[in-house]
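Residue strings, one per chain:
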Amino acid sequence: MQPNSEMNQFLRNKRLSTVIGIAVIFVLYFVAAFVTNFKMNVAVMSFPKAANWIAKYMIPDAQAIERLPRIIEKLTETILVSVAATTIAAVFAFIASIFGSASTKLPKFVNTIVRVIAAFFRNVPDVVWAMILMFSFGQNLLTGFFALFFSTFGMLTRRFIETIDETSKESIEALTACGASFPMIVFQGILPSSISGIITWILYMIETNIRSSTLIGMLTATGIGNLFNIYYNRMQFGSASLIIVLICVIVILIDNLSTIIRRAIN
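Residues numbered from 1 in each chain as written. Predicted model: local features only at pLDDT ≥ 70, side-chain atom pairs only at ≥ 80, totals over all residues. Heavy atoms only, no water.

## Considering a nonpolar patch on the surface
Then, number 1: Among the surface-exposed residues, I22, F26, Y29, F30, F38, M40, V44 and F47 lie close enough to one another that they form a single nonpolar patch of about 810 Å² accessible area.
Then, number 2: Among the secondary structure elements, those contributing two or more residues to the nonpolar patch are α1 (2–36) and α2 (40–57).
Then, number 3: Per-element tally for the nonpolar patch: the top contributor is α1, with four residues.
Then, number 4: With relative accessibility at 44%, the residue I22 sits in the partly exposed group. (Patch = residues over 30% accessible without salt bridge, like charges linked within 9 Å, V, L, I, M, F, W, Y side chains within 5 Å. Areas by Shrake-Rupley, 256 points an atom, 1.4 Å probe, with all protein chains shown as cover. Salt bridge = Lys/Arg side-chain N within 4 Å of Asp/Glu carboxyl O. Helix = DSSP H or I, 4+ residues; strand = E, 2+ residues; numbered from the N terminus. Buried < 20%, exposed > 50% of the residue type's maximum accessible area, 1.4 Å probe, protein only.)

## Observations regarding the confidence of the model for the protein
Then, number 1: Confidence along the protein averages 85 in pLDDT terms, with 96% of residues attaining 70 or more.
Then, number 2: For the protein, the element scoring lowest by mean pLDDT is helix α8 (residues 169–177), at 73; helix α4 (residues 68–100) scores highest, at 92. (pLDDT = per-residue confidence, 0-100.)

## Some details on the nonpolar core
Then, number 1: If you look at the biggest cluster of nonpolar residues, it comprises 52 residues, and the most contacted ones within it are I71, L75, F94, F160, I190, I224 and I243.
Then, number 2: For this core, the secondary-structure elements that each account for two or more residues are α4, α5 (108–123), α6 (126–137), α7 (141–167), α8, α9 (182–220), α10 (223–233) and α11 (237–265). (Core = buried A, V, L, I, M, F, W, Y, C linked by side-chain atoms within 4.5 Å.)

## Thoughts on empty space enclosed by the protein
The gaps left among the atoms become clear once a water-sized probe is rolled over them.
Then, number 1: Inspection of the entire model under this criterion finds one cavity of 30 Å³ or more.
Then, number 2: Volume-wise, the largest cavity comes out at about 90 Å³.
Then, number 3: As for the largest cavity, its lining consists of T78, V81, L141, G144, F145, L148, S213, I216, G217, T220, T222 and G223.
Then, number 4: Class assignment for the residues of the lining of the largest cavity results in five nonpolar, seven polar and no charged. (1 Å grid on protein atoms, 1.4 Å probe; cavity = no way out; pocket = protein on both sides within 12 Å on 5 of 7 lines; lining within 4 Å. Points joined across faces, edges and corners; volume = space filled by probe spheres on them. Nonpolar A, V, L, I, M, F, W, Y, C, P; charged D, E, K, R; others polar.)

## A look at the pattern of salt bridges
Then, number 1: With the rule as written, the count across this model stands at six salt bridges.
Then, number 2: Here R70 and E73 are joined by a salt bridge, their closest N and O atoms 3.8 Å apart. Of the two residues, R70 and E73 are both situated in helix α4; the distance of three residues between them amounts to about one turn of the helix.
Then, number 3: Owing to a relative accessible area of 39%, R70 belongs among the partly exposed residues under this scheme.
Then, number 4: A salt bridge links K74 to E77; its shortest N-O distance comes to 3.8 Å. Within this pair, K74 and its partner E77 are both found in helix α4, separated by three residues, close to a single helical turn.
Then, number 5: Given a relative accessible area of 23%, E77 falls into the partly exposed group.
Then, number 6: Overlapping salt bridges bring together R158, R159 and E162 as one network.

## Remarks on the packing of aromatic side chains
Then, number 1: For the coordinates displayed, the defined rule picks out 19 aromatic pairs.
Then, number 2: Aromatic side chains Y29 and F30 sit 5.1 Å apart centroid to centroid with 65° between the ring planes, which places their arrangement in the edge-to-face category.
Then, number 3: Their ring planes at 65° and their centres at 5.4 Å tell us that Y232 and F237 sit as a pair that is edge-to-face.
Then, number 4: One aromatic cluster is present, formed by F92, F120, F121, W129, F137, F145, F146, F149, F150 and F153 through successive ring pairs. (Phe/Tyr/Trp six-rings, centres within 6.5 Å; stacked < 30°, edge-to-face > 60°.)

## Observations regarding the side chain of T86
Then, number 1: Along the polypeptide, T86 turns up in helix α4.
Then, number 2: Assessed through its relative accessible area of 0%, T86 is described here as buried.
Then, number 3: Not counting residues within four places of it along the chain, the set of residues in contact with T86 comprises T152, L156, I202, M205, I206 and N209. (Contact = heavy atoms within 4.5 Å.)

## Some points on α10
Then, number 1: G223, I224, G225, L227, F228 and Y231 are the residues of α10 that are buried.
Then, number 2: Packing partners of the buried residues in α10 comprise α4, α9 and α11.
Then, number 3: Phi turns positive, to about 60°, at M235, one or two residues after α10.

Pasting the structure below:
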């Protein structure tokens, strides 16, 4: 009888926690809605109107098809900048993550410094980086590159540290016990055991940066973001919608490619 009693008590506590959690969510929603004057019924009733506007204007037209070569050129430029910024940031992030991981048994203050630096770069949005860097570099591709590089470096450093701590701890301990040097630990222990996770995060950030670079391009007047901004401001919605469609296609293709690569590695 005692096990059943304990099970019933566990289930009652679980149900109570669920009810409290749901109640807290509803309270937060109503407080936020009251403070911001948000009305759910107005938002829901706006969907048909928005869908009708999209169906009427945001459909690629003949003019958009004529502009396809120009759009593809700018989209390619954006993709290449995103890939370059991500891959270079990944190299620096991997080096930093070695010093930031607790598994490498480096002095704790070194781990802390690396984590603080990564947190700083990660918590400043790439759009804010673009706005700051425009004062130094102006509106050009270099500004967009560094904006993506800084935010990607911070994000990947944090994720690489977590990956190393999760996958490489036993390998590091075994190599350390055998008297391996630090470079041997890195290249024979950390890199082989964490390469799958590292590649996964790099591919994810490439996909994310392609989306982010569209907005950054609007600020820096470069790439596909600038072209989208031009078409949208001129109310050439057919051409703007074609850009959106192509970006979605590219992101889906990269997502599928990353899945194939992960399966091949594993």
